[in-house]
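Per-entry structural report
The lines below spell out each chain.
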Amino acid sequence: MADLYPSLAQCAIVATAFKVLLFPAYKSTDFEVHRNWLAITHSLPVQEWYYEKSSEWTLDYPPFFAAFEWMLSQAARYADPAMLVVKNLNYDSWQTIYFQRTTVIVTELVLLFALSRFVKSVSQQNKHLAHIASLSIFLSPGLLIIDHIHFQYNGFLYGILILSIVLARRQSTLLYSGITFAVLLCLKHIYLYLALAYFVYLGRAYCLDPKSVFRPRFFNIIKLGVCVVGVFALAFGPFASWGQLLQLKDRLFPFSRGLCHAYWAPNVWAMYSFADRALIPFAARLGLSVNRDALASVTRGLVGDTSFAILPEVTKEHTFGLTFLFQLLPLIKLWLRPDWETFVGAITLCGYASFLFGWHVHEKAVLLIIIPFSLIALKDRRYFSAFRPLAVAGHVSLFPLLFTAGEFPIKTVYTILWLVLFLYVFDQVAPVSEQRRVFVADRFSLLYLTFAIPLIVYCSVVHQLIFGLERYEFLPLMFMSSYSALGVVGSWVGFMVVFFTA
Amino acid sequence: MAPPPSSYRPRKKRKFPSSFTGSNNSLIVETDGKASPAFPLVSFLWSARAGVSQWLVLPLILMAVGLFRWAVSLWGYSGFQVPPMHGDFEAQRHWMEITIHLPVAKWYLYDLQYWGLDYPPLTAYHSWLLGKLGSLFDPAWFALDESRGFEDPLLKVFMRGTVIASEYLIFIPAVVNFLRRYTRTQNVPVWSASIALVAILLQPATILIDHGHFQYNTVMLGLVVASLDAILAGRMLWACIFFVGALGFKQMALYYAPIMFAFLLGVCIFPKIHIIRLLCISLVTAVAFVVLFLPLILGQSVLYAVAFQLAQTIHRVFPFARGLFEDKVANAWCAIHTFYKLHRFEASLLQRMSLGATLASILAPCAIIFRHPRASLLLPALSSVAWGFFLFSFQVHEKSVLLPLLPMTLLLAGDGGLSKETRAWVGWANILGSWTMFPLLARDELRVPYFVMTLLWAFLLGLPPTSLEIFRGRASLEDNTLGAELHVLTKLLHACFYLAMIAWHVLEAFVAPPPGKPDLWVVLNALIGAGGFGIAYLWCAWKLIQQCRRIDQKAADETDKKNQ
């Protein structure tokens, strides 16, 4: 009999204590973003929500999230009414900080609930694996850094995602899974990246007969269609009736941004930029033409619009094409074998594809891969060895989000603690796989891990000691980003192999 | 009467009373035929019970407790934005400033009105080192006179970092080593030791004062623990050196001095007289003191100046000129003063009264330790003497409660230390200790960390107000052994105190004190605290006597067996 200690609730209590202590920690502009949304939803009529622009942080989440902010604002009135004034830009009284930080902690209970449902849904003999995976998600340094320091509501949103994944486990609750996911899309549209996996899975497992593709189950199709359309109608219907859909589209999908974010998310484009930069010194020798305009921005390293000096430009169409292509591959397999584990694997791979090839990807989006992957990382050792570099790279790549000296010990020590603890425990409990493991992949994974520590030390301490704070400040960022990109891409390739050979 | 131990017995053969089996039994309870953790802290280390390497468990524990320390340090510190004098943070920064800029001879004389240096020399050297380090980052933090009241966020990070670094270089290695040796002599399994280590390192009062309020107590406490460790290892001379170091860092270590003195004297006399050992110990102690003061003395040329310097140092360090007690502190004098004003007596009479009461309270523990100089008796002896000092001595500060709490909390690592009884008492004293510091912490805007850290500790150890487990009888694996169930009176007493503490918080938060008595709640806090600490003193003294008798009994049994 496996012991489930410490329990989720006990971990949640200790983690909450720690998170409360982080109240005075650094908070990013996202804090002001959410305060502004509280103010907008509280003091303006719904028609004006998506038109208000006193602050540069306009409302750019779908309507359900706005409604969520409206609900929070009802309680915020009692904490400090001044935070609900639209003109009070950058208002941060301690009541506001306590209130907003508390809402993050409280809404994270959704994640706790979803994880406890996940543990319950697993068979008795694998319960301890699910329990460990749940703890790793709940205590994830990603959520700690992004939600409780940087400030966002990912715990709540990923809770809903996991709930919907867990509901997809049984045939009888497939419909609710679809509805939950539709609700999630109306809360934050970044989950559109995973929508294709849901579409294929629900289409195959719910709308068609399990035995034959050619026997649609019409009643199921109608039920699912009505419910999903109903959810979207509820969210967007009012705005449609006011004729605001185009405005919503502009707000939700701001395509004016560049390929790479200010700081490069560790994806293929980061490696592409790195290669471009590395080629500059050799350009003359190789007889390549150099785009002079790009050079200035390239050496600065911190730009919104990266343009390339040597390699060809990348357009939005390219990124969409690649993302779609690499999402399609796992979906074919999912169509052929619509079981739950393939479904979670396909979600993970959809997350990978959009993170690696997407346009203007933010490093925070790495959770889109890590969290679904955690649910199946303990299936066997092959999954785990694909997960390992991702866990290291994904979390390390979040470090630049926090750049203040006071938070440096927290992000590094917490992440190292989590990595040591969970990678060790995962390694102890992951069952042996039925198939042979790939020797090269294992060695790559080990080499990759050993390289992490000197790199972190270099980027956070040694670099400043050698060059000072000002000179070549882009260098550590570039190294970290390229290193992390290597890890994410490596783990993606590894997981593709595991997924298609399983 | 128990016959005295007949002959010299080597340390390793010492047997321990059989009522505690030296097992993990007090950590595991049985529910529905399945083993489950007795309190939440056990469940966090549940998977480590099958013997996971200490090379993994220890770093994880140290990282986790370090995170809590750093998180507390994000909050306010004493004297933040309170000109002109600010608080302890400014005092420590100011000492760094004067030690790196002034010649040694001026350290104890420079502008005494503004946070003149009033800690012993080791603190001054420590400040000098940190000041030099900090000047590498930014000399403006410690510019002479210019930097007074400097409050840069980066300076705060640096200062907080020095507290953590000092603690991880001194206190934590000392505690880890001490626990390793102590648990081995007490036959406590490694798993229990790890759990006790977490409990000790998360002690709320120490974290709140050092990392919240801002002080370097853990350096002094760490040196004391290192000294205890040396005693356990049988290295008496090292024990002297470490203890002199502790005294040289903070004069508050004097609370422990009578026991250390009695113990070291005791080991030279009982069971038989060791003149050479006595000489060595005295010599090493004297040399250590001389070395400690040497830099100060070398700064002078004339003998007169030397004497003046020493006198000045000692005068600064022991401020007898101040009153019997400062502020509202939970000790006997403040409690008596509430009902019977002590101003009517002369200062010298009060001083003699205080001296007499302190001596009376520490006499019995000192005598026991002198007659039975055993390392295993040191912890209860140290804590009872420190409680005696805290309750009755002169010029006690509420932060001094850390001194009796440390050895008392270390009892958790002893044999049966995590049993219900010890856990309940030690936990109660710790919670009461941090509760009496609430008025101080509230001034520093540390209310939230106070509640979080204290409740977290109570939760982890399964204590009220988060859990009523200690009041319930539960079928445990340690049935029929001592300490399985709390005495009814203990339960009643603890329940009263916990209720009083909760009620006090409610009063303090929601009811304004009556107009004529603005300090009523603080006085009430001190009164309840003084009562509780008196009980804690009695418990420690009783614990000492109990353990001493058990060892005597054991020795007598062994002699009987030999004679048969």
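These numbers come from a predicted model, not from an experiment. Counting from 1, residues in each chain are numbered in the order their sequence is written. To label them, take the chains in the order written and letter them from A, then take the ligands in the order written and number them from 1. A pLDDT threshold of at least 70 governs which residues receive local features in this predicted model, and a stricter bar of 80 or more applies before side-chain atom pairs are shown or counted, although totals over entire chains, interfaces and linings include all residues.

**A word on the overall build of chain B**
Defined as follows: Put simply, DSSP marks the helices as runs of H or I at least four residues long and the strands as runs of E at least two long, and each gets a number from the N terminus on. Between the two quantities, the radius of gyration covers C-alpha atoms and the globule rule is 2.2 Å times the number of residues to the power 0.38. Field definition: a residue is buried when 20 or more other C-beta atoms are found within 10 Å of its C-beta, exposed when 12 or fewer are, and partly exposed for counts in between, with C-beta atoms placed from the backbone.
Helix and strand content of chain B: 21 helices and two strands. Taking 24 Å as the expected radius of gyration for a compact globule of 564 residues, we find that chain B reaches 24 Å, a close match to that expectation. With the C-alpha coordinates aligned to their principal axes, the bounding extent of chain B is approximately 75 × 60 × 55 Å. Looking at chain B as a whole, 48% of its 564 residues qualify as buried.

**A closer look at the overall build of chain A**
Let me state the cut-off plainly: Contact between two residues is assigned whenever their backbone-derived C-beta positions fall within 7 Å.
When you go through chain A residue by residue, the secondary structure sums to 22 helices and zero strands. Seen along its three principal axes, the alpha-carbon backbone of chain A occupies a region of about 65 × 60 × 45 Å. For chain A, the proportion of its 502 residues judged to be buried stands at 42%. Put simply, 74% of the contacts in chain A that link residues at least 6 apart link residues at least 24 apart.

**Things to note about the interface of chain B and chain A**
We apply this condition: The classification used treats Ala, Val, Leu, Ile, Met, Phe, Trp, Tyr, Cys and Pro as nonpolar, Asp, Glu, Lys and Arg as charged, and all other residues, Gly among them, as polar.
Chain B puts 24 residues into the contact, and the matching count from chain A is 26 residues. Within the residue set of the side of chain B that touches chain A, elements represented by two or more residues are α1 (40–44), α2 (54–73), α5 (153–185) and α19 (447–460) of chain B. A per-element tally of the side of chain B that touches chain A places α2 of chain B first, with 10 residues. Residues of the side of chain B that touches chain A, tallied by class, amount to 22 nonpolar, two polar and no charged.

**Side note on unusual backbone geometry**
Cis geometry marks the peptide bond from Tyr5 of chain A to Pro6 of chain A, where omega comes out at -5°. Counting through the fold element by element, Pro6 of chain A comes out in the segment before α1 (8–21). Geometrically, the link from Pro464 of chain B to Pro465 of chain B is a cis peptide bond, its omega value of 5° lying close to zero. Here Pro465 of chain B is to be found in the loop between α19 and α20 (488–510). One non-glycine residue with positive phi stands out, namely Phe151 of chain A, at about 95°. Tracing the backbone shows Phe151 of chain A in helix α7 (residues 141–151). Residue Phe151 of chain A is classed as buried on the basis of its 22 C-beta neighbours within 10 Å.

**A few points about the confidence of the model for chain B**
Residues and elements named next belong to chain B. The line we're drawing: pLDDT: the predictor's confidence for each residue, scored from 0 to 100.
Across chain B, the average pLDDT comes to 87, with 91% of residues at or above 70. A low-confidence stretch, residues 1–21 stays under pLDDT 50, and its non-local contacts, those more than four residues away or across chains, total 21 contacts. Residue range residues 475–483 is modelled with pLDDT below 50. Its contacts to residues more than four positions away, or to other chains, number 19 contacts. With a pTM of 0.92, the predicted complex shows an ipTM of 0.93.

**Observations regarding the nonpolar core**
Test applied: What we call a nonpolar core is a set of buried Ala, Val, Leu, Ile, Met, Phe, Trp, Tyr and Cys residues whose membership is set by joining through C-beta atoms within 7 Å. Boundary definitions for the domains trace back to an automatic or database domain assignment.
By size, the foremost hydrophobic cluster in this structure holds 279 residues, and its most contacted members are Ala197 of chain A together with Ile259 of chain B. When residues are assigned to domains, this core turns out to be shared by domain 1 (8–241) and domain 2 (316–501) of chain A, each giving three or more. Residues within four places of Ile259 of chain B in sequence aside, it is in contact with Pro365, Cys366, Ile369, Leu378, Ala381, Leu382 and Val385 of chain B. Of all hydrophobic cores here, the second largest spans 13 residues; its members include Ala91, Trp95, Trp107 and Tyr119 of chain B.

**A short note on the confidence of the model for chain A**
Caution applies to low-pLDDT regions: their predicted coordinates should not be interpreted in detail. Chain-level statistics for chain A give a pLDDT mean of 88 and a share of 92% at 70 or above. When pLDDT is averaged over each helix and strand of chain A, the minimum, 54, is found for helix α15 (residues 292–300) of chain A and the maximum, 97, for helix α8 (residues 154–167) of chain A.

**Some points on the domain arrangement of chain A**
By convention, interface size is frequently given as the accessible area that disappears when the constituent parts associate. Residue and element names in this part refer to chain A. Annotation of chain A at the domain level lists domain 1 (8–241) and domain 2 (316–501). Centre-to-centre separation of domain 1 and domain 2, based on C-alpha positions: 23 Å. Listed by partner, the interface residues are 31 residues for domain 1 and 39 residues for domain 2. Elements with a minimum of two residues in the side of domain 1 that touches domain 2: α6 (127–138), α7, α8 and α10 (195–207). Among the elements that take part in the side of domain 1 that touches domain 2, α7 stands out by supplying seven residues, more than any other. Residue composition of the side of domain 1 that touches domain 2, grouped by class: 24 nonpolar, five polar and two charged.

**Remarks on the environment of Arg443 of chain B**
Here Arg443 of chain B lies in helix α18 (residues 438–443). Along the primary structure Arg443 of chain B and His372 of chain B are separated by 71 residues, whereas in three dimensions their C-alpha atoms are 44 Å apart.

**Remarks on the environment of Gly433 of chain B**
Checked against the element boundaries, Gly433 of chain B lands in helix α17 (residues 420–436). Residues in contact with Gly433 of chain B, not counting those within four places in the same chain, are Ala205, Val401 and Leu405 of chain B.

**Examining the packing of helix α2 (residues 29–43) of chain A against helix α3 (residues 63–79) of chain A**
Residue and element names in this part refer to chain A. Defined as follows: Simply put, an axis is a line fit to the C-alpha atoms, just over the touching stretch for a helix, and the angle between two N-to-C directions goes from 0 to 180 degrees. Working definition: roughly parallel below 35 degrees, roughly antiparallel above 145 degrees, roughly perpendicular at 65 to 115 degrees, and oblique for all remaining angles.
Contact geometry of α2 with α3 gives a least axis separation of 8 Å together with a crossing angle of 85°. As far as their axial angle goes, α3 and α2 are roughly perpendicular. Facing α2, whose interface residues are Trp37, Leu38, Thr41 and His42, α3 presents Ala66, Glu69, Trp70, Leu72, Ser73 and Ala76. Class assignment of the residues belonging to the contact of α2 with α3 gives a composition of six nonpolar, three polar and one charged.

**A word on α19 of chain B**
Residues and elements named next belong to chain B. Just so we agree on the cut-off: One fewer than the residue count of a helix, multiplied by 1.5 Å, yields its expected span.
For α19, spanning 14 residues, the distance from its first C-alpha to its last is 20 Å, which sits close to the expected 20 Å at 1.5 Å a residue. Those residues of α19 that sit buried are Pro449, Tyr450, Val452, Met453, Thr454, Leu456, Trp457, Ala458 and Leu460. Two residues or fewer past α19, Gly462 is found with a positive phi of approximately 65°.

**Looking at helix α20 (residues 408–429) of chain A**
Stated formally: The arc in question is traced by the directions running from the helix axis to the C-beta atoms.
With 22 residues, α20 of chain A should cover 32 Å at 1.5 Å per step; its first-to-last C-alpha distance of 31 Å lies within 8% of that length. If you check which residues of α20 of chain A are buried, you get Ile410, Lys411, Tyr414, Thr415, Leu417, Phe422 and Phe426 of chain A. Buried residues in α20 of chain A, looked at end-on, bunch into an arc of 165°, giving them a common side. Residues of α20 of chain A that are exposed and angled more than 90 degrees away from the buried face: Asp427 and Gln428 of chain A. Looking at the packing, one finds that the buried side of α20 of chain A touches α6, α7 and α19 (381–396) of chain A together with α2 of chain B.

**Things to note about the packing of helix α9 (residues 174–187) of chain A against helix α11 (residues 218–241) of chain A**
All names here are of chain A. Test applied: Crossing handedness is defined as follows: a turn of the near helix away from the far one that is anticlockwise and smaller than a right angle gives a left-handed crossing, while the clockwise case is right-handed.
Interhelical geometry of α9 versus α11 gives an angle of 20° and a closest axis separation of 9 Å. In terms of axis orientation, α9 runs roughly parallel to α11. In this structure, the crossing between α9 and α11 has a hand that is right-handed. Here Leu175, Gly178, Ile179, Ala182, Val183 and Cys186 of α9 lie close against α11, whose contacting residues are Lys223, Leu224, Cys227, Val228, Val231, Phe232 and Ala235. For the contact of α9 with α11, the class distribution of residues is 11 nonpolar, one polar and one charged.

**Some remarks on the environment of Ser73 of chain B**
Residue and element names in this part refer to chain B. With respect to the helices and strands, Ser73 occurs in helix α2. For the pair formed by Ser73 and His343, sequence separation is 270 residues and the distance between their alpha carbons is 39 Å. Apart from the residues lying within four places of it in its own chain, the contact partners of Ser73 are Arg160 and His211.

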